[in-house]
Amino acid sequence: MLSSQAMVSHRFHSLRARLVLAFLVTVLLPLIGTGLYGNWTTSRTLEAQALDAARADLRLRAEQIENYLSGAREDLLFLSRLDSLIALLAASPPPSPLSSLQSDFVAFAATHPGIFQTRYIDATGMEVVRVDSASGNIEIVPAHRLQNKADRYYFSVTLSLAAGEVYISPVDLNREFGLIPTPHVPTIRYATPVFHPNGSQAGIVVLNLYAGPFLRFARADGDSDALLALVDESGYYLAHPDPARLWGGLSDLNTGLGASADYPQGWPEIVRQPSGVFSPPAENWLMAIFDEVLPVGLFAGESQQARRVLVHETVQPDGESGPRWILLHDEPRVNLLASVWAFRLTAITILTAAALAALVMAVGLARSLTAPILALTDDVRRFGQDRLARRPSQNAPAKARDEIGELTAAFTEMSAALNQHLEQLSLLNRAGHHITARLERPAVLEAAGRAATTLLPAEHCAIQFESEGGAMMNHAAGDARWAAHRSDPALTALLNAALADGEWRTAALPGGALIPSGYLCAAPLCVSGRPGLIELYGPDPALADSTSGNLLAALSVQISIALENAELYEQLAERRAELQTLVEQLINAQEEERRLVAYDIHDGLIQMLVGARLQLNNAIADHERERGRAETALRKGFDELAAAIAEARRVIEGLRPAALDDLGLVTTLRQFAEDNQADCDCELDFTASPPDLRLPPPVETTAFRIAQEAITNARKYAETRRLQVALTLDDGALKIEVRDWGRGFDFSAISEGRGVGLIGMRERARLLGGECLIESIPGAGTTVRATLPLPTTDH
């Protein structure tokens, strides 16, 4: 039989075991169940977030592609309605040369770098006008290089459309003379039919766009195991990390490689749905459990590592009527759902640790609960052994100090501090939005002062910074008595230190008879690289703690950005005003030129024609009576007609000298100067260096117009005996000088509305980034000097 002490010990251990078991049943099992359920639900949420992030990335890329192509339709329809094209279609036969339409196409190509071919193809498929643009170089393709595109699919499809309809081609490789050039040029074409005035087919207008700029949106960023690709409806790759898999379609490289072959299980579902996620099913039920519960990368083995998730999104740049492409995001399941499996591993680790901790706690709690019982049992046993003289054992543990209250108080303090900080951050965010929403500098400063005194316990706010012109800008708000502290040398040194090291500063401020005591918090500003300060004054000690300093520093960044934006807005307003003035001056100059042409025609050409008509009428009247007088009148009439023809040619030459395109600037200007020399009977000194000078058309046209205006003014008004014209190419710029030794004039004497030609010369030079200086002294002549920079070519 067991002794009494052994029986007590046995009963004691049995009670402890029951307590441990009860604790584990009531605590550990719910803990494990809750942990597994939380693991499962959180994993589902994280998995959905990961897939949503992948979908959002694809949707963003799809929108980038669609936005890039959004304006192509309007550009094409704009070209199909050009006056030059309508005039070309109305002519029978078409006029030659096609310079007007070519010029319009060149101007369009200059403002649309993403379009590398702009073409008009007639109804037979022959290119009539084609402008190529590559790397900023614009070329009008000569006639011998124009091609017949009647065999190209887009020609026949577009020709079958009605007026105003647009055909958008698939993205394929561009062909020249039936061959695919190397390097490949991925191309998408926008085409629309055009018609003669009688409604018959006249051909099509086609825009060839580089597909490369928007295909880059279908490329993955940085090093990643994810595969990002773009495929067409047939499943052939338009963008893929492996160049060998690109352009596998029949009309391109015909390799047969494509997404339909790479994803045979998922491709039918991908084509059917506009967007979604496809993941191959698990190999067996055990693998499915691993997917749902365990970290796959650690426990599922190599076969699971090879499983991938395919996210797809449809791209339709022109809605339902345009082509349909599909963006694919193919990534190993382990990588895409890494956060899920990291959470699962962490959760299992925590759950295991919690179970072990619960077991240890159960054992400890059982010991602590059974210890007083053991002591009481010992006292009872001693009492039974007739040891009444001994007092009962006092080894039962005293009641422990309650720490829950302390923990609750600490948590209450912590949450109060955290709520305060969150509220300050929210106020800072709203203040930043309120400040940056202002575009005028006074409004920004007023909003900044109001935000600072609202965010922090301050009674006075002072802001100073250096303007773009170097002057110090100051703004103050609140109680002005605090500003008296700025006369303190110690405070000035503190503020200078804040400016020097770019850090916030706080200080306690002693008071005086009329100066309140309190605290300062100051932070530096940086407005377009120029220094500044924001200073807050107030009686609250909280103004001098680190929290206030950090908040003010964050607010100062918002204020600096808002002030920079205000400066940029002011500069933009000035530029707009300058542009408006320039446009008005150009319009006035144009109207003045038209008025002068009208005067030339009325005072010269019309009068000559009237005189010729009169002489011819006299010849008819005198024909029967006096044949000699009739012949004389007839000869005078012929002379008047010859003079009228010469005057008409002079007026036309003043509008647009055709010789400028054929002979160049030097020869055309020399001929014009010699013609005017004959009219004004003066000595001409014409020089050009180099003699065979040829320049870009815009520079030649501007130079000719400036010199033309200066020579014409000398002929009309100067009454000079000598005229000097000089063209010099020097240091990347063309220099023009036209000088006469005639009457001269006084700028201040020119009345308003006059001198439009002088303004026109200056504005023409300014439009090319150059300048035109006019010097004139009454009685000493006039000198016009213009400098036109030559455009640089990027290689």
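Structural notes, computed from the coordinates. The model shown is predicted, which means the values in this text are computed figures rather than measured ones.

1. Overview of the overall build of the protein chain
Move 1: What the protein chain contains, in helices and strands, is 22 helices and 23 strands.
Move 2: For the protein chain, buried positions account for 37% of its 795 residues.
Move 3: Of the contacts made within the protein chain by residues no fewer than 6 positions apart, 62% connect residues no fewer than 24 positions apart.
Move 4: Element-wise, carbon and sulfur atoms account for 58% of the exposed surface of the protein chain, whose accessible area totals about 43,400 Å².

2. Quick word on the environment of Gly235
Move 1: Here Gly235 shows up in the loop between strand S8 (227-232) and strand S9 (237-239).
Move 2: Setting aside residues no more than four positions away along its own chain, Gly235 makes contact with Gly258, Ala259, Ser260 and Trp267.

3. Some points on the packing of helix H20 (residues 665-680) against helix H21 (residues 697-718)
Move 1: Following both chains from N to C, one finds H20 and H21 inclined at 10°, their axes separated by 10 Å at the closest point. The orientation of H20 relative to H21 falls into the category roughly parallel. Listed contacts from H21 to Leu665, Thr668, Leu669, Phe672, Ala673, Asn676, Asp679 and Cys680 of H20 are Glu700, Ala703, Phe704, Ala707, Gln708, Ile711, Thr712 and Arg715.
Move 2: Classifying every residue of the contact of H20 with H21 by side-chain character gives 9 nonpolar, 4 polar and 3 charged.

4. So, the pairing of S8
Regular strands place side chains that alternate from one sheet face to the opposite one.
Move 1: Along S8, 6 of the 6 residues are buried, which leaves the element largely enclosed by surrounding structure.
Move 2: Of the two faces of S8, the one lined by Leu227, Ala229 and Val231 and the one lined by Leu228, Leu230 and Asp232 are each fully buried.
Move 3: Where S8 lies against strand S13 (residues 325-332), 6 bridges are found, and the strand directions are antiparallel. Bridge assignment links Ala229 to a residue of S13, and that residue is Leu328.
Move 4: Of the strand pairs in this sheet, S8 and S9 are connected by 2 bridges, and their pairing is antiparallel. What sits directly across from Leu230, in S9, is Ala239.
Move 5: Between the antiparallel neighbours S8 and S9 lie 4 residues, among them Gly235 with a positive phi of about 95°.

5. Let's talk about helix H4 (residues 99-110)
Move 1: Over its 12 residues, H4 extends 16 Å from the first C-alpha to the last, a length consistent with the 16 Å expected when each residue adds 1.5 Å.
Move 2: Burial in H4 covers these residues: Leu101, Gln102, Phe105, Phe108 and Ala109. For H4, the angular spread of the buried residues around the axis is 125°, confining them to a single face.

6. Details of the packing of aromatic side chains
Move 1: Inspection of the entire model under this criterion finds 5 aromatic pairs.
Move 2: Arranged with centres 5.7 Å apart and planes meeting at 85°, the rings of Tyr153 and Tyr154 form a pair that is edge-to-face.
Move 3: The class for Tyr153 is partly exposed, based on a relative accessible area of 25%.
Move 4: One aromatic cluster in this structure is built from Tyr68, Phe214 and Trp325.
Move 5: Positioned over the ring face of Trp741 is Arg722, at 4.2 Å from the centre of the ring.

7. A short note on the sheet that holds strand S18 (residues 530-538)
Move 1: As summarised here, the arrangement of the 5 strands in space is S15-S14-S18-S17-S16, forming an open sheet in which the pairing is antiparallel. Each end of this open sheet is capped by a strand with a single partner; those strands are strand S15 (472-478) and strand S16 (505-509). Direction aside, the axes of adjacent strands within the sheet are offset by 15° on average.
Move 2: Sheet topology note: the strand S14 (residues 460-466)/S18 ladder contains 6 bridges and is antiparallel. Looking at S18, one finds that Gln464 is bridged to Leu533.
Move 3: Against the sheet, helix H15 (residues 441-455) contacts S14, S15 and S18, and its axis sits at roughly 140° relative to S14.

8. Here's the deal with the sheet that holds strand S20 (residues 722-730)
Move 1: Read across the sheet, 5 strands follow the order S19-S20-S21-S23-S22 without closing on themselves; strand pairing throughout is mixed. Both edges of this open sheet fall to strand S19 (683-689) and strand S22 (771-777), since each of them pairs with a single strand only. Sheet twist, expressed as the mean angle between neighbouring strand axes with direction ignored, is 5°.
Move 2: In the sheet, S19 pairs with S20 via 7 bridges, with the strands oriented parallel. The residue bridging Leu684 from the neighbouring strand is Leu723, located in S20.

9. Describing helix H3 (residues 83-90)
Move 1: What H3 keeps buried is the set Ser84, Leu85, Leu88 and Leu89. The buried residues of H3 occupy one face: seen down the axis, they fall within an arc of 135°.
Move 2: Packing partners of the buried residues in H3 comprise helix H2 (72-80), H4, strand S1 (115-122), strand S6 (186-195) and strand S7 (201-210).

10. Regarding the pairing of S22
Move 1: Only one face of S22 is covered, namely the face carrying Cys772, Ile774 and Ser776; the face carrying Glu771, Leu773, Glu775 and Ile777 is uncovered.
Move 2: Strand direction decides the pairing type here: S22 and strand S23 (residues 781-789), joined by 7 bridges, are antiparallel. From the neighbouring strand, Leu773 faces S23, where its bridge partner is Arg785.
Move 3: Linkage of S22 to S23, two consecutive antiparallel strands, is achieved through a turn of 3 residues, within which Gly779 is found at a positive phi near 85°.

11. Thoughts on a nonpolar patch on the surface
Move 1: Judged by side-chain polarity, Leu609, Leu634, Phe638 and Leu641 come together as a nonpolar surface patch covering roughly 320 Å² of accessible area.
Move 2: Top element by residues in the nonpolar patch is helix H18 (residues 627-655). It accounts for 3 residues.
Move 3: The class for Leu609 is partly exposed, based on a relative accessible area of 37%.

12. Describing the nonpolar core
Move 1: Counting 62 residues, the largest nonpolar core has Leu85, Tyr120, Ile188, Tyr190, Phe214, Leu230 and Trp325 as its most contacted members.
Move 2: Once you skip the residues sitting within four places of it in the chain, Leu230 turns out to touch Ile65, Leu215, Ala218, Tyr236, Tyr237, Leu238, Ala239, Val315, Trp325, Ile326 and Leu327.
Move 3: By size, the runner-up hydrophobic cluster in this structure holds 36 residues, among which are Leu669, Ala688, Val725 and Val784.

13. Section: the packing of H3 against H4
Move 1: H4 packs onto H3 with a crossing angle of 150° between their chain directions and a minimal axis gap of 8 Å. The angle between the axes of H3 and H4 places the two elements in the roughly antiparallel class. Between H3 and H4 lies a crossing whose hand is left-handed. Here H3 contributes Ser84, Leu85 and Leu88 to the contact with H4, which in turn contributes Ser100, Leu101 and Asp104.
Move 2: Per-class residue counts for the contact of H3 with H4 are 3 nonpolar, 2 polar and 1 charged.

The rules behind these values
- Residues numbered from 1 in each chain as written.
- Predicted model: local features only at pLDDT ≥ 70, side-chain atom pairs only at ≥ 80, totals over all residues.
- Heavy atoms only, no water.
- Helix = DSSP H or I, 4+ residues; strand = E, 2+ residues; numbered from the N terminus.
- Buried < 20%, exposed > 50% of the residue type's maximum accessible area, 1.4 Å probe, protein only.
- Contact = heavy atoms within 4.5 Å.
- Areas by Shrake-Rupley, 256 points an atom, 1.4 Å probe, with all protein chains shown as cover.
- Axes fitted to C-alpha atoms, helices over the stretch in contact; angles between N-to-C directions.
- Parallel < 35°, antiparallel > 145°, perpendicular 65-115°, else oblique.
- Nonpolar A, V, L, I, M, F, W, Y, C, P; charged D, E, K, R; others polar.
- Pairing = 2+ DSSP bridges.
- Expected span 1.5 Å × (residues − 1).
- Arc of directions from axis to C-beta.
- Phe/Tyr/Trp six-rings, centres within 6.5 Å; stacked < 30°, edge-to-face > 60°.
- Lys NZ or Arg CZ within 6 Å of the ring centre and 35° of its normal.
- Patch = residues over 30% accessible without salt bridge, like charges linked within 9 Å, V, L, I, M, F, W, Y side chains within 5 Å.
- Salt bridge = Lys/Arg side-chain N within 4 Å of Asp/Glu carboxyl O.
- Core = buried A, V, L, I, M, F, W, Y, C linked by side-chain atoms within 4.5 Å.
- Left-handed = near helix turned anticlockwise from the far one by under 90°.

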